[in-house]
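Summary of the model geometry
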Amino acid sequence: MRSNQHEHGSIQRAIRGVFTGAQELLTSPTSKPEVKDKMGHGVTARSILGTTVLPSCLGAEEPGFGDHQGFLPSPLDEDNQACLASSPLPSTTCLHCPVSCSETAPKALLLLDPPWFPTLKGQTVFLICEDPHSPAQGDTYWYGMNSQKKKPREVKITTSGCYKCKTDRTSISDPMCVEFLHDWLVLQVQLPVFEGDNATLRCQGKKEEEIQWRSYYKNGKHLDGNQHSGTIIVSSVSKDSGTYRCSTSRKGFWNEWTVTSPPLKIPVQELFPHPVLTASPSRPTEGSPVTLTCKTQLSPQRSDVQLRFCFFRENQGVGSGCSSSPELQIPAMWSEDARSYGCQAQTVTRSVMKRSLRSHIQVQRVPVSDAKLEIQPRGGLLIEGENLVLICSVAEGTGTVTFSWHREGTTRSLGRKAQRSLSAELQVPSVKMRDAGRYYCLADNKLGPILSPRVSVTLAVPVSQPVLTLRTPGAQALVGDVVELHCEAQRGSPPILYQFYHEDVTLGNSSAPTGGGVSFNLSLTAEHSGNYSCEAGNGVGAQRSDRMLLSVTVPASRPVLTLRTPGAQALVGDMMELHCEAQRGSPPILYWFYHEDVTLGSSSAPTGGGVSFSLSLTAEHSGNYSCEADNGVGAQRSEAVTLNVTWSSRSQGILTAGVVGGLLSVLGLSAAAAAWVSRFRAQRNSGLGPQFNSLLLHKQE
């Protein structure tokens, strides 16, 4: 067991040397670190073309694993030396240069099948060599089996060791190490594992059926998880992700003991190298654009990973943030921008982030020239109350340009701005008549000021909102009245043209050559009720007055009285309807009904039209009838209508009986009256006094 653990430790150190050796050397690029080979032995680094290279990079044999004597890279020929000289890697690294340094020859991909590392002794694994860009890859060459050999693209491996391969169209792949362990329990990781990946670990024993539970540890600390699960996920691993183990129990005949796997350090591959920042052009002129490029390369096995790129100036972000583009276009560079720049490449999840070295960009300055002043609105004609915009610009000039604006006759500037631009503007809000005059501007970028030509500004006063006045002869506007519409704007440059409107229909217009107001006369009809307004304009804007409501009152016309009876003749006992209606007149209209100028009653029509009055006829209802209509502006009486009420035969019988009954009643009353008179006299003689006289009078009544 001890020899197996020693062998396992050697293999682990070798693998760490392959996967992480370059990164460890990056930590001190200017010094010559103490370098160890894949077996952990100290070696002497040699310098070739300014690059520190391990002996294994130069083709020296390494201590072997099992029956093999290590991989045998190609000799360091002139092409490899040229590769070293042009390599963008830091000054200290372990290089495995391809036979050709052509950028068109990508590295071959070396895959492990099944993809679990390390492997239990007795199991079989295969190595597969692939061309990442072409399925038809031609011949395959393998390194690490005593010599370079030409073999199929898939080979069976049964012995521990580190291997590489290449095809006719690729350069030599990165090494792949295979390790077979004699241990009863082993902790495996599924390959490949790149920076930022979630690594899958599997605890496997020689006799899986004997395993009841599993425990996982990182750096000696227990990891939470399902003890009955054969795998565990380690999230977002890095090259220094720690050391892992797993353990379980075994039962013997007499006792039970815990079995622990050898330690495992996850072989994490680099997802992409540190980016390199370039600027084009490298020394721009102020005001010219610059393109920053953040260069890096994803591993062919992770070509589908989405990268985002961020750019920095003195550690401050440049642009609108990180994006998927490796380029950043800076529209204009100024002398203040001559600083150190850098970039960062990162995955979308930010699990892997790498920054470039800083690059300093120098900027050259150009003096300002050909200053001019532009007025908005164009032409220099403004309306009082508008905003005046003064735009000062130069044809050339870089750096921070200071602009100032002036008006003739004043000693102080109207405003001053300093900015990295070829133009600047100043706004004078709500100009008045006093702001008319000649304007100019100055521009200076500390290489000498220049003056613009003068530009004249003139102003016009727009009309104010006019006021409409309606003048009628009386308190109410009546049909036939002449109404005066007077419109006047208190301010405005003359001449002023006035327009009069009734419900937005033009009635007419009139001009005021020297300002002031105008009037418009209108003879009223019933159709003139509605909203009136007026508009004032002087060529620099028009203003509409508020609306004025005019209600034209129409006096009630002479009403027509209609008598409606059930039959052709009006008979005693009929119910007669009197209908009175004025054809014209503003509502409400009050109607009165008369019989021989005696008021019978009244009724109102709130919305106009006519009304009716009902009457139960008697003989006394014969005579003349009329009605009157009044809406508050004069009453009108209808023509008189004569009604003759006649008796029917039934009515005459009733009348005869009534007369006889009436006579009998009169006789009875006379007798009673005589008796009362006799009694009154007797009482008076007996001295009953005036109270009785009063009672007698009441009875007589």
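Look up: the structure comes first, before these words.
In this report, the structure presented in the accompanying data block is examined. None of the values given here were measured: they were computed from a predicted structure. Residues take numbers from 1 onward in each chain, read along the sequence in its written order. For this predicted model, a pLDDT threshold of at least 70 governs which residues receive local features, and a threshold of 80 or more governs which side-chain atom pairs are given and counted, while totals over whole chains, interfaces and linings are taken from all residues. The basis for every side-chain value is the complete set of heavy atoms in the structure, and neither hydrogens nor water enter the calculation.

1. Quick look at the overall build of the protein chain
Looking only at helices and strands, one finds four helices and 61 strands in the protein chain. Burial classification: accessible surface area is computed with a 1.4 Å probe over protein chains only, and a residue below 20% of its type maximum counts as buried, one above 50% as exposed, and the rest as partly exposed. The proportion of buried residues among the 701 residues of the protein chain is 39%. Throughout, a residue-residue contact means that at least one pair of heavy atoms, one from each residue, lies within 4.5 Å. Looking at the protein chain alone, contacts between residues at least 24 apart form 61% of all its contacts between residues at least 6 apart. Exposure was quantified through the Shrake-Rupley algorithm and a 1.4 Å probe, taking into account, for residues, occlusion by the shown protein chains and nothing else. Just so you have it, the protein chain exposes about 37,300 Å², and 50% of that area is on carbon and sulfur atoms. Secondary structure is summarised from DSSP: a helix means a run of H or I of at least four residues, a strand means a run of E of at least two, and numbering begins at the N terminus for each.

2. Comments concerning the pattern of salt bridges
In the sections that follow, a salt bridge refers to a side-chain nitrogen of Lys or Arg positioned within 4 Å of a carboxyl oxygen of Asp or Glu. In this structure the tally under the stated criterion is 22 salt bridges. Between Asp 337 and Arg 313 there is a salt bridge, and its shortest N-O distance comes to 3.8 Å. Taken together, the residues span a long stretch of sequence, with Asp 337 in the loop between β29 (327-330) and β30 (340-347) and Arg 313 in strand β27 (residues 307-313) at a distance of 24 residues. Glu 639 is the partner of Arg 558 in a salt bridge, and the nearest nitrogen-oxygen pair spans 3.9 Å. Separated by 81 residues along the polypeptide, Arg 558 in the loop between β51 (552-553) and β52 (560-564) and Glu 639 in the loop between β59 (635-637) and β60 (641-643) bring together distant segments of the chain. One salt-bridge network, held together by shared partners, links Asp 504, Glu 535, Arg 544 and Arg 547.

3. A short note on the state of the cysteines
Only a pair of cysteine sulfur atoms within 2.5 Å counts as a disulfide in this structure description. All chains considered together, the criterion is met by eight disulfides. Across the disulfide from Cys 310 sits Cys 322; the S-S distance is 1.7 Å. Judged by the torsion about the S-S bond (105°), the Cys 310/Cys 322 disulfide is right-handed. Taken together, the residues span a long stretch of sequence, with Cys 310 in strand β27 and Cys 322 in strand β28 (residues 316-323) at a distance of twelve residues.

4. Thoughts on the nonpolar core
In this structure, Leu 127, Val 189, Leu 201 and Ile 266 are the most contacted members of the largest nonpolar core, which totals 35 residues. The contacts of Leu 127, once residues within four sequence positions are left out, are Leu 110, Leu 111, Leu 112, Trp 142, Arg 153, Glu 154, Val 155, Ile 157, Tyr 163, Met 176 and Val 178. The set of buried Ala, Val, Leu, Ile, Met, Phe, Trp, Tyr and Cys residues whose side-chain atoms join them within 4.5 Å is what this entry labels a nonpolar core.

5. Comments concerning the sheet that holds strand β26 (residues 290-295)
Think of it this way: DSSP has to see at least two bridges between two strands before they count as a pair. Read across the open sheet, the three strands follow the order β25-β26-β29; overall the sheet is antiparallel. The open sheet has two edge strands, β25 (276-280) and β29, and neither has a second partner. Sheet twist, expressed as the average angle between the axes of neighbouring strands with direction ignored, equals 20°. Where β26 and β29 come together, four bridges link them in antiparallel fashion. Following the sheet pairing, Thr 291 is matched in β29 by Gln 329. In this analysis an axis means a line fitted to C-alpha atoms, helices contributing only their contacting stretch, and an angle means the value between N-to-C directions, from 0 to 180 degrees.

6. Structural notes on the packing of aromatic side chains
Note on aromatic pairs: the rings of Phe, Tyr and Trp (six-membered ring only in Trp) are paired at centre separations within 6.5 Å, and the planes decide the class, stacked below 30 degrees, edge-to-face beyond 60, tilted for the rest. One pass over the full model with this rule turns up two aromatic pairs. Judged by centre distance (5.5 Å) and plane angle (25°), the ring pair of Phe 500 and Phe 520 falls under stacked. Remark: Phe 520 occurs in strand β47 (residues 517-523) and Phe 500 occurs in strand β45 (residues 496-502); sequence separation between them is 20 residues. With a relative accessible area of 0%, Phe 500 lands in the buried category. Between Phe 593 and Phe 613 the ring centres are 5.5 Å apart and the planes differ by 25°, which places this aromatic pair in the stacked class. A residue pair is termed long-range when its members are at least 10 positions apart, and Phe 593 in strand β55 (residues 589-595) and Phe 613 in strand β57 (residues 610-616) qualify at 20 residues. The criterion is that NZ of a Lys, or CZ of an Arg, lies within 6 Å of the ring centre and within 35 degrees of the ring normal, and then a charge sits over that ring. The cationic tip of Arg 544 hangs over the ring face of Tyr 501; the distance from NZ or CZ to the ring centre is 4.2 Å.

7. Let's talk about the sheet that holds strand β11 (residues 154-157)
Reading across from one edge, β5-β8-β11 is the order of the three strands in this open sheet, with antiparallel pairing throughout. Of all strands in the sheet, those with a lone pairing partner are β5 (109-113) and β11, marking the two edges. Averaged over all neighbouring strand pairs, the angle between strand axes comes to 25°, with direction disregarded. Relative to β11, strand β8 (residues 125-130) runs antiparallel, the two sharing four bridges. Considered in β11, the bridge of Phe 126 is made with Lys 156.

8. Focus: the side chain of Gln 188
With respect to the helices and strands, Gln 188 occurs in strand β15 (residues 185-190). Polar contacts, as counted here, are pairs of nitrogen or oxygen atoms within 3.5 Å of one another; within protein the pair requires one atom able to donate a hydrogen and one able to accept it, and residues that are adjacent in sequence qualify only if both atoms are side-chain atoms. Looking at Gln 188, its side chain comes within polar contact range of the main-chain oxygen of Pro 118, at 2.7 Å. If we skip the residues at most four places from it in the chain, Gln 188 touches Trp 116, Phe 117, Pro 118, Thr 119, Leu 120, Gln 123, Thr 200, Leu 201, Arg 202, Gln 204 and Leu 264.

9. So, the pairing of strand β41 (residues 455-460)
Looking at chain direction, strand β34 (residues 381-383) and β41 are connected through three bridges and run parallel. Across the sheet, residue Leu 382 finds its bridge partner in β41, namely Leu 459. Note: strand β39 (residues 437-444) against β41, three bridges, orientation antiparallel. The residue bridging Tyr 439 from the neighbouring strand is Val 455, located in β41.

10. Section: the side chain of Ser 299
Here Ser 299 lies in the loop between β26 and β27. Assessed through its relative accessible area of 11%, Ser 299 is described here as buried. Residues in contact with Ser 299, not counting those within four places in the same chain, are Phe 194, Glu 270 and Leu 271.

11. Side note on the pairing of β45
Taking burial as the measure, the seven residues of β45 include six buried ones, the bulk of the element. With seven bridges joining them, β45 and strand β46 (residues 505-512) adopt antiparallel strand pairing. Across the sheet, Tyr 498 pairs through a bridge with Ser 510, a residue of β46. Counted between consecutive antiparallel strands, the loop separating β45 from β46 contains two residues, among which Glu 503 sits at a positive phi close to 50°. As paired strands, β45 and strand β48 (residues 530-537) are joined by six bridges and run antiparallel to one another. Following the sheet pairing, Phe 500 is matched in β48 by Cys 534.

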